[in-house]
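Coordinate analysis (summary)
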Amino acid sequence: MKFMIIAIETSSTNFSISLLHEEHTINNITVPFKNELSEIIVPTIKRFLKDNSIFFKDVSFIAVGCGPGSFTGIRSVVSVALGIKISNNHIRSIGINSLAGLAISVLDEAKKLNIKYILSSIDSKRGDLFLQLFKLNCAKVETLPFDIVNDIETINIENLPEYISINKITPKDILFVGYQSKLAKNLVKDIKIAKKFNQKPNSLDVAKLASIIIKNNVETNTPIFIFDKIKPIYARSAQINLI
């Protein structure tokens, strides 16, 4: 099965777009934004496709990082993605938990280190962070690279040692990626910190996870960290809402 994916991610302070032909990256760009995202998102996508000589008729799937993260970013990207899908009936949609996207970005590193868990972190913009734990090599769906250990939680970074203790995990078995990674290392002695330079959610990782899902015919109608409908993930106070 040949397919083309356009992926969009805006859960942090960056707006990123990627194009994948199956598992091969065609292009990936990142644009920092403040409050003007709603004004630049559509023109940027159109210019990105034009610069790569791609038309919406060539696109098979649209994959979106649905959060948690920037409320403005998530709301904007979901609205645009839904508009694209409505205007292009042949395009299928895949919603991706942005914390899972972060986890896929360090999957190879975790495997090389023989790590059991990836702990992903995204800035909540409220002085704390969104966390979710993923366990490698035990996915309920065999074709997926990892499984979710717990729900998305909102915590202060100072409470990270308690979070790890509650989940009954040995710090040396964890690879931490994302927001406040350096502080995490100072707080938890034996925890591993991802080496990647950019530890913010990126559309390329969303696209790579979507590619795995498509190639392996993973069902997206049962929420794991993938969804057949593009919906925002707004996490607040240790609870998750899909609305």
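An account of the accompanying structure is given in this report. (Residues numbered from 1 in each chain as written. Predicted model: local features only at pLDDT ≥ 70, side-chain atom pairs only at ≥ 80, totals over all residues. Heavy atoms only, no water.)

1. As for the nonpolar core
Of all hydrophobic cores here, the largest spans 67 residues; its most connected members are Ile5, Ile45 and Ile62. With seven residues, the single largest contributor to this core is helix H7 (residues 203–215). With residues up to four places along the chain from it excluded, the contact list for Ile62 reads Ile6, Ile8, Ala81, Ile84, Ile91, Arg92, Ser93, Ile94 and Ile230. Residues Leu160, Ile169, Ala184 and Ile191 belong to the second largest nonpolar core, which totals 16 residues. (Core = buried A, V, L, I, M, F, W, Y, C linked by side-chain atoms within 4.5 Å. Buried < 20%, exposed > 50% of the residue type's maximum accessible area, 1.4 Å probe, protein only. Helix = DSSP H or I, 4+ residues; strand = E, 2+ residues; numbered from the N terminus. Contact = heavy atoms within 4.5 Å.)

2. Some remarks on the packing of helix H1 (residues 37–51) against helix H2 (residues 71–87)
The N-to-C vectors of H1 and H2 enclose an angle of 40°; their axes lie 10 Å apart at closest approach. In this view, H1 runs oblique relative to H2, as classed from their interaxial angle. Crossing angle aside, the handedness with which H1 passes H2 is right-handed. Residues Leu37, Ser38, Ile41, Val42 and Ile45 of H1 form the contact with H2, whose participating residues are Thr72, Gly73, Ser76, Val77, Val80 and Ile84. Taken together, the residues of the contact of H1 with H2 break down into seven nonpolar, four polar and no charged. (Axes fitted to C-alpha atoms, helices over the stretch in contact; angles between N-to-C directions. Parallel < 35°, antiparallel > 145°, perpendicular 65-115°, else oblique. Left-handed = near helix turned anticlockwise from the far one by under 90°. Nonpolar A, V, L, I, M, F, W, Y, C, P; charged D, E, K, R; others polar.)

3. Some words on the pairing of strand E3 (residues 24–32)
Where strand E2 (residues 14–21) meets E3, eight bridges bridge the pair, whose relative direction is antiparallel. Paired with Asn14 across the strands is Pro32, a residue of E3. The hairpin formed by E2 and E3 contains two residues between the paired strands, and Glu22 there has a positive phi angle of roughly 55°. (Pairing = 2+ DSSP bridges.)

4. Thoughts on H2
Helix length check: H2, at 17 residues, gives a terminal C-alpha distance of 25 Å against a target of 24 Å (1.5 Å per residue), a fit within 8%. Turning to H2, its buried residues number three or more, namely Gly73, Ile74, Ser76, Val77, Val78, Val80, Ala81 and Ile84. (Expected span 1.5 Å × (residues − 1).)

5. Brief notes about the pattern of salt bridges
This model, assessed by the stated rule, comprises five salt bridges. Residue Lys215 is joined to Glu23 by a salt bridge in which the shortest nitrogen-to-oxygen separation is 4.0 Å. With Lys215 in helix H7 and Glu23 in the loop between E2 and E3, this pair connects stretches of sequence that are 192 residues apart. Overall, the relative accessible area of 45% leaves Lys215 in the partly exposed class. Overall, Glu23 belongs to the partly exposed group, its relative accessible area being 40%. A salt bridge links Lys172 to Asp173; the shortest N-O distance between them is 3.6 Å. The class for Asp173 is buried, based on a relative accessible area of 12%. (Salt bridge = Lys/Arg side-chain N within 4 Å of Asp/Glu carboxyl O.)

6. Comments concerning the packing of aromatic side chains
Note on aromatic pairs: each is described by the distance of the centres and the angle between the planes. Counted according to the given criterion, the structure contains five aromatic pairs. Aromatic pair Phe146 and Phe225: ring centres 5.2 Å apart, planes at 50°, arrangement tilted. In this pair, Phe146 is assigned in strand E8 (residues 146–148) and Phe225 in the loop between H7 and strand E12 (226–227), connecting sequence segments 79 residues apart. Taken as a pair, Phe146 and Phe225 share a single burial class, namely buried. One aromatic cluster is present, built from ring pairs that chain together Phe134, Phe146 and Phe225. (Phe/Tyr/Trp six-rings, centres within 6.5 Å; stacked < 30°, edge-to-face > 60°.)

7. So, the packing of helix H3 (residues 98–105) against H7
Remark: H3 packs on H7, axes separated minimally by 8 Å, with the N-to-C direction vectors making an angle of 90°. Our classification of the angle between H3 and H7 gives roughly perpendicular. Residues Ala100, Gly101, Ile104 and Ser105 of H3 form the contact with H7, whose own contacting residues are Asp205, Leu209 and Ile212. Across the contact of H3 with H7, the residue classes tally to four nonpolar, two polar and one charged.

8. Quick word on the sheet that holds strand E4 (residues 61–65)
Taken in spatial order, the six strands of this open sheet run E3-E2-E1-E4-E5-E12, and their pairing is mixed. The strands lining the two open edges of the sheet, one partner per strand, are E3 and E12. Across five bridges, E4 lies against strand E5 (residues 92–96) in parallel orientation. Its bridge partner lying in E5, Phe61 is registered against Arg92.

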